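An overview of the molecular structure
For reference, the chains in residue letters:
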Amino acid sequence: MKVIVQVVQKIYQEAHIDIPDMFCKNAIKQHIVDLYNSGEIIPDLNIFQIEFDSISATIVHNQNSVDVEEEAV
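Residues numbered from 1 in each chain as written. Predicted model: local features only at pLDDT ≥ 70, side-chain atom pairs only at ≥ 80, totals over all residues. Heavy atoms only, no water.

**Section: the overall build of the protein**
- Along its length, the protein carries 1 helix and 3 strands.
- Looking at the protein as a whole, 8% of its 73 residues are labelled buried.
- Within the protein, contacts between residues separated by at least 24 positions form 62% of all contacts whose residues are at least 6 apart in sequence.
- Accessible surface computed for the protein: about 6300 Å², of which carbon and sulfur atoms make up 53%. (Helix = DSSP H or I, 4+ residues; strand = E, 2+ residues; numbered from the N terminus. Buried < 20%, exposed > 50% of the residue type's maximum accessible area, 1.4 Å probe, protein only. Contact = heavy atoms within 4.5 Å. Areas by Shrake-Rupley, 256 points an atom, 1.4 Å probe, with all protein chains shown as cover.)

**Quick word on the confidence of the model for the protein**
- Averaged over every residue, the pLDDT of the protein is 79; the share at 70 or more is 82%.
- Of all helices and strands in the protein, the one with the weakest mean pLDDT is strand β3 (residues 64-71) (57), whereas helix α1 (residues 25-38) scores best (90). (pLDDT = per-residue confidence, 0-100.)

**Re a nonpolar patch on the surface**
- Among the surface-exposed residues, Val3, Val5, Val7, Phe52 and Ile55 lie close enough to one another that they form a single nonpolar patch of about 370 Å² accessible area.
- Considering every element that reaches the nonpolar patch, the biggest residue donor is strand β1 (residues 2-14), with 3 residues.
- You can see Val7 is positioned in strand β1.
- For Val7, a relative accessible area of 41% translates into the label partly exposed. (Patch = residues over 30% accessible without salt bridge, like charges linked within 9 Å, V, L, I, M, F, W, Y side chains within 5 Å. Salt bridge = Lys/Arg side-chain N within 4 Å of Asp/Glu carboxyl O.)

**Regarding the pattern of salt bridges**
- Taken as a whole and judged by the stated rule, the model has 1 salt bridge.
- Two residues, Asp53 and Lys10, come together in a salt bridge whose shortest N-O distance is 3.7 Å. Note that Asp53 is positioned in strand β2 (residues 46-61) and Lys10 in strand β1, a separation of 43 residues in sequence.
- Residue Asp53 is classed as partly exposed on the basis of its relative accessible area of 29%.
- A relative accessible area of 36% places Lys10 in the partly exposed class.

**What to know about α1**
- With 14 residues, α1 should cover 20 Å at 1.5 Å per step; its first-to-last C-alpha distance of 20 Å lies within 8% of that length.
- Looking one or two residues beyond α1, the residue adopting positive phi is Gly39, at roughly 90°. (Expected span 1.5 Å × (residues − 1).)

Encoded structure:
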């Protein structure tokens, strides 16, 4: 029996970074986006929590398939 499983996950990550005190709200947002886009923040991100949105499986048997799907609560 062949089964194809697909999982859609939510991954929550946290990074503790230092931002200059003189930054306004918009400058803080831009600084964080710039750090993320440049890849500089990636080493600081730690996986905090992983939850799945959905998990589905397709059972493939003699050219017939049966779909099973579970939604996260």
